[in-house]
Amino acid sequence: MDKLNTAEKFIGLLASNNKRWKEDVIKLKSDKLNIAGDCLLGSSFVSYIGVFNSFFREKMIEKWISIISSKGVQITPNIDLVHTLVTEGDILKMKAEGLPSDPFSTENAVIITQCTRYPLIIDPQMQAIAWLKNRPAKKTLVQYKQPKWDSIIGEALGSGEIIIIEDVDQE
């Protein structure tokens, strides 16, 4: 009788998962239709948006969505690019490393971690500096006005290090 009760409980648990599985199938079918547009938007975000402030980032994303959609490429409605590019676990790890919790800092961190070349971000409030310094990777810190800064950057690029350039003037 215990085996029968256990089997009935197990079947009941599987039946309750049936609804979730059906919802997952619907979401996966939707994701399949939107993946090209989502990837195009995400790669554009990582490649080009780092040098802009929040206002211009929002305007650029709106424009990109308009352009992509006008070409007949589907995009997930109300797409959250940060969560398209990284997981919630990645974000929590970044915050544990000292990343401020504001959306702009999170976007900058996503750009830095997802870019495969040389990400460029503008950080006038210097919120990303503490996070970058706490990351477990070899780093080179360069003051723009220090002697031979260009050769220091060249050596760091050659060895694949993170380069942090501080105190760059607006000129």
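The coordinates are above.
About the cut-offs
- Residues numbered from 1 in each chain as written.
- Predicted model: local features only at pLDDT ≥ 70, side-chain atom pairs only at ≥ 80, totals over all residues.
- Heavy atoms only, no water.
- Phe/Tyr/Trp six-rings, centres within 6.5 Å; stacked < 30°, edge-to-face > 60°.
- Buried < 20%, exposed > 50% of the residue type's maximum accessible area, 1.4 Å probe, protein only.
- Salt bridge = Lys/Arg side-chain N within 4 Å of Asp/Glu carboxyl O.
- Helix = DSSP H or I, 4+ residues; strand = E, 2+ residues; numbered from the N terminus.

Draft legend 1. Here's a closer look at the packing of aromatic side chains. Enumeration according to the criterion identifies one aromatic pair in this entry. A ring pair is formed by F55 and F56, whose centres lie 5.3 Å apart and whose planes are at 75 degrees; its orientation type is edge-to-face. The class for F55 is exposed, based on a relative accessible area of 52%.

Draft legend 2. Structural context of the pattern of salt bridges. All told, the structure shown has five salt bridges when counted by the stated rule. As a salt-bridge pair, K27 and D31 come within 3.0 Å of each other at their nearest N and O atoms. Of the two residues, K27 and D31 both sit in helix α1 (residues 2–48), four residues apart, roughly one turn of that helix. The salt bridge partner of R57 is E107, with a shortest N-O separation of 2.9 Å. On the criterion of sequence distance, the pair formed by R57 in helix α2 (residues 54–70) and E107 in helix α5 (residues 103–114) is long-range, its members being 50 residues apart. We classify E107 as buried; its relative accessible area is 19%.

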